[in-house]
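# Per-entry structural report
So the chains spell out like this:
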Amino acid sequence: MSYHKPEAKAIQELKDIAQRLRIHSITSTQASKSGHPTSCSSIAEIMSVLFFNTMRLNLKFPRDPSSDRFVLSKGHAAPILYAAWAEAGLFPVEELQNLRKIDSDLEGHPTPRLNFIDVGTGSLGQGVAVAAGMAYVGKNFDKADYRTYVVVGDGESAEGSIWESLHFAGHYKLDNLCVVFDVNRLGQSEPTSLQHQMDVYRKRLEAFGFHALVVDGHDVEELCKAFYEASSTKNKPTAIIAKTFKGKFFPNIEDLDNWHGKPLGDKANEVIKHLQGLMMDSSDRPAALAPQTPTKSKPAPPVDITNVKLASPPAYKLGEQVATRLAYGTALAKLAQSNDRVIALDGDTKNSTFSDKLKKAFPERYIECFIAEQNLVGVAIGAACRDRTIAFASTFATFFTRAFDQIRMGAISQTNVNFAGSHCGVSIGEDGPSQMGLEDVAMFRTVPGSTVFYPSDAVSCERAVELAANTKGVCFIRTSRPNTAVLYDNNEPFVIGKGKVVKQSANDQVLLIGAGVTLYECLAAAAELEKAGVHARVIDPFTVKPLDADLIVEHGRACGGRVVVVEDHYQQGGLGEAVLSALATHRDFAVKHLYVPGVPRSGPPTVLLDMFGVSARHVVEAANAVLKL
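Note that this is a predicted model, so its numbers are computed, not measured. (Residues numbered from 1 in each chain as written. Predicted model: local features only at pLDDT ≥ 70, side-chain atom pairs only at ≥ 80, totals over all residues. Heavy atoms only, no water.)

### Overview of the sheet that holds strand E19 (residues 590–596)
The strands making up a sheet are joined through hydrogen bonds of the backbone, oriented either antiparallel or parallel. We apply this condition: Two strands pair under a simple rule: DSSP has to find at least two bridges between them. Helix and strand labels come from DSSP, where a helix needs a run of H or I of at least four residues and a strand needs a run of E of at least two; each type is numbered from the N terminus. With axes taken as lines fitted to C-alpha atoms, and helix axes fitted only over the stretch in contact, angles between N-to-C directions fall between 0 and 180 degrees. We call two residues contacting when some pair of their heavy atoms lies within 4.5 Å.
The strand order E14-E16-E15-E18-E19 describes an open sheet built from 5 strands, whose pairing is mixed. A strand with exactly one partner marks an edge of an open sheet, and here the two such strands are strand E14 (500–503) and E19. Neighbouring strand axes in the sheet, compared pairwise and without regard to direction, differ in orientation by 25 degrees on average. Where strand E18 (residues 562–570) lies against E19, 6 bridges are found, and the strand directions are parallel. Considered in E19, the bridge of Val564 is made with Lys592. Each of strand E15 (510–514), E18 and E19 touches helix H19 (residues 575–583); the most contacted strand, E18, lies at about 145 degrees to it. In this fold helix H21 (residues 616–627) packs onto E15, E18 and E19, with an angle of close to 145 degrees to the strand it touches most, E18.

### Re the nonpolar core
How we decide: The set of buried Ala, Val, Leu, Ile, Met, Phe, Trp, Tyr and Cys residues whose side-chain atoms join them within 4.5 Å is what this entry labels a nonpolar core. Residue exposure (1.4 Å probe, protein chains only): buried if accessible area is under 20% of the type maximum, exposed if over 50%, otherwise partly exposed.
In this structure, Leu345 and Phe419 are the most contacted members of the largest nonpolar core, which totals 83 residues. The dominant element in this core, judged by the number of residues it contributes, is helix H5 (residues 127–142), at 9 residues. Excluding residues within four positions of it along the chain, Phe419 makes contact with Val377, Ala393, Phe400, Ile407, Phe444, Val474, Cys475, Phe476 and Ile477. The next biggest cluster of nonpolar side chains, apart from the first, holds 51 residues, and it includes Leu81, Leu99, Val151 and Phe227.

### Some details on the packing of aromatic side chains
Heads up, the condition is: Note on aromatic pairs: the rings of Phe, Tyr and Trp (six-membered ring only in Trp) are paired at centre separations within 6.5 Å, and the planes decide the class, stacked below 30 degrees, edge-to-face beyond 60, tilted for the rest. Both a distance and an angle decide whether a charge sits over a ring: NZ of Lys or CZ of Arg must be within 6 Å of the ring centre and within 35 degrees of the ring normal.
Enumeration over the complete set of coordinates arrives at 22 aromatic pairs. With a centroid separation of 5.6 Å and 65 degrees between ring planes, the pair formed by Phe51 and Phe70 is classed as edge-to-face. Here Phe51, found in helix H3 (residues 44–54), pairs with Phe70, found in strand E1 (residues 69–72); they are 19 residues apart in sequence, far enough to count as distant. Across the pair, exposure class does not vary: Phe51 and Phe70 are buried alike. Aromatic pair Tyr488 and Phe494: ring centres 5.0 Å apart, planes at 90 degrees, arrangement edge-to-face. Of the residues examined, Tyr488 reaches a relative accessible area of 6% and is grouped as buried. Through pairs of rings, three or more aromatic residues link up here, namely Phe51, Phe70, Tyr82, Trp85, Phe91 and Phe116. Cation over ring: Lys248 sits above Phe249, and NZ or CZ is 4.8 Å from the ring centre.

### Overview of the pattern of salt bridges
Side chains that differ in sign of charge can pair as their charged atoms come close. Stated formally: Salt-bridge detection follows one rule: a side-chain nitrogen of Lys or Arg within 4 Å of a carboxyl oxygen of Asp or Glu.
Within this structure, the stated rule accounts for 29 salt bridges. Asp175 is paired through a salt bridge with Lys139; the nearest N and O atoms lie 3.1 Å apart. Pair noted here: Asp175 is in the loop between helix H6 (160–171) and strand E3 (177–183) and Lys139 is in helix H5, with a separation of 36 residues, a long-range link. What makes Asp175 buried here is its relative accessible area of 12%. Salt bridges linked by common partners bring Asp199, Arg202, Lys203 and Glu206 together as one network.

### Some words on helix H8 (residues 220–232)
Under the convention used in this document: By this rule the span expected of a helix is its residue count minus one, scaled by 1.5 Å. The directions considered for the arc run from the helix axis to the C-beta atoms.
Between its first and last C-alpha, H8 extends 18 Å over 13 residues, near the 18 Å set by a 1.5 Å rise per residue. Turning to H8, its buried residues number three or more, namely Val220, Leu223, Cys224, Ala226, Phe227 and Ala230. Taken around the axis of H8, the buried residues stretch over an arc of 165 degrees, which confines them to a single face. The inward-facing, buried residues of H8 contact helix H1 (8–32), H3, strand E2 (148–153), E3, strand E4 (211–216) and strand E5 (238–243).

### Points about the sheet that holds strand E12 (residues 475–478)
The sheet built from 7 strands is open, its strands ordered E8-E7-E9-E10-E12-E11-E17 with mixed pairing. In this open sheet, the two strands that pair with only one neighbour each are strand E8 (366–368) and strand E17 (543–545). If you compare each strand with its neighbour and ignore which way they point, the axes differ by 20 degrees on average.

### Focus on the pairing of strand E16 (residues 536–540)
Rules: Seen with its strands pointing away from the viewer, a crossover is right-handed when the path leading from the first strand over the helix to the second is clockwise.
With 5 of its 5 residues buried, E16 lies for the most part within the structure. Burial along E16 is two-sided: Ala536, Val538 and Asp540 and Arg537 and Ile539, pointing in opposite directions, are all buried. Two strands pair when backbone bridges link them, and E14 and E16 are joined in this way by 3 bridges, in the antiparallel orientation. Within E16, the residue paired with Lys500 across the bridge is Asp540. Two elements, E15 and E16, share 4 bridges in a ladder whose sense is parallel. Bridged to Ile513 within E16 is Ile539. Crossover connection from E15 via helix H17 (residues 517–531) to parallel E16: handedness right-handed.

### Notes on helix H10 (residues 324–338)
Every α-helix carries 3.6 residues per turn, so stepping three or four residues along brings you back to the same face. Here H10 contains 15 residues, and its C-alpha end-to-end distance of 21 Å stays within 8% of the 21 Å for a straight helix at 1.5 Å per residue. Looking at H10, one finds that the buried residues are Thr324, Arg325, Ala327, Tyr328, Gly329, Ala331, Leu332, Ala333, Lys334, Leu335 and Ala336.

What follows is the structure, encoded as structure tokens:
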């Protein structure tokens, strides 16, 4: 179908809507005495054309799976996004005056508190990854004709994460994705590095596999045509590189430095009057144009991602040596067998994390994100939006640290992504400290609403994967590289926040707590202590967050208040501090905490565990020391 230019009346209406969006951005930021009206103004025509000419939206159900997706990566322009939805009729425009108020969900940057927002934005450089995840799902899983649009600021395009995501989108030929660059020349404190070098943007984006269009971002006719061209371009995503001006149509403010993040103050009335003078219709009546409704030709199919179970229970022999990372891969493939919306994403470590077990079973449900962990996390968050998939993202535990901001924003976005980090602690051995996850538990524990699993054997790991698939919020599963003995019967039930007592007797004198490889060091220490007539009880916490504090208090008291906790992690923020926190309000406890005290080195795993103070020998010493207190 060839492009039909909108009628002159529609063009004028789009221009008027853009000015109304500008006015709303001014009045709402005036009311809140804070915000970014000049950053809103540069995308006014883009938002007008997207919402009132291009996108297909269900105003009665903004998260309709068949609706087009929109991500405002430059989240500080939130007032104009809110204004667009209000002008479209989702809520009264009067509510825009509640921007940034404590009792309003129209927050300073978008969050999913609002029913028309899929993900939180505002920490720059992340919107393209999320949009790419949405587009990947639309193209490859839903096989629907909804499209995904993301507006990116030129300042944030200095973020490397943006280019990770552009590479991903180009590689997978996501022709249902349109990335709009708002090239308004000015950053927060000074001009951007490229300013208005539009040809540089175009060449870079073409090099990343995009159909790149340079347009006048304030010309609604050009924008209408560009968005049409994007929708009809096949086998590559489109980038619309819009030359814009910050504070466009704001007299004595347009394209001037030092207006970022400031309401217009005493200039507001003058600017509003000028904007009204540019409109053919400056009345307050609703716009004649309205967003298109979602197409019914290829809607998103119904999806059920509730109550997901392993296709078959764990099948191990007691004492069998199996690494939890291997059990993770086994469980992932079993989950995928029982629900076709279970997907795996990895950063080129699939043969080490064993996410390749899902790929071998269901290759179409595996997403290779290559060595770009920030994009890996962002794509997973996008893929999980609107409950379209159950996403498991895996890599070495330590490499998630570089994507902590994406994970943090995922929590703000109310995401349900599951993260699996393998190769934790000094027990990975000869690869050395750059590969050792020693901060990961601390990092994921700080994430609001997160669940942190630390399974110690293959059975508990399979059950952790199953539980994570059915748990809201960010989940982290910490898996180990070395083989460990199967401790639990295949039918052993596991519950989030409930630990297991794996060794006890009536006359235990000290409680030992370990997880992963250190649980086995605790068991070895208990056997050694027993030779000397000292009986030790051993607990496997299973989840570090939430920790089974009641179990620890109960059994700690049964052991005279003497506790040793040992972990293959740095001191701060891990299992030990979780235990100390749980015991902080209880009297008469003496706790010895063993942890990796400093940056480790390469060496055999058993040698490193001993060298860095978390082996059975050190547990025995700590137990004897606490017995003397």
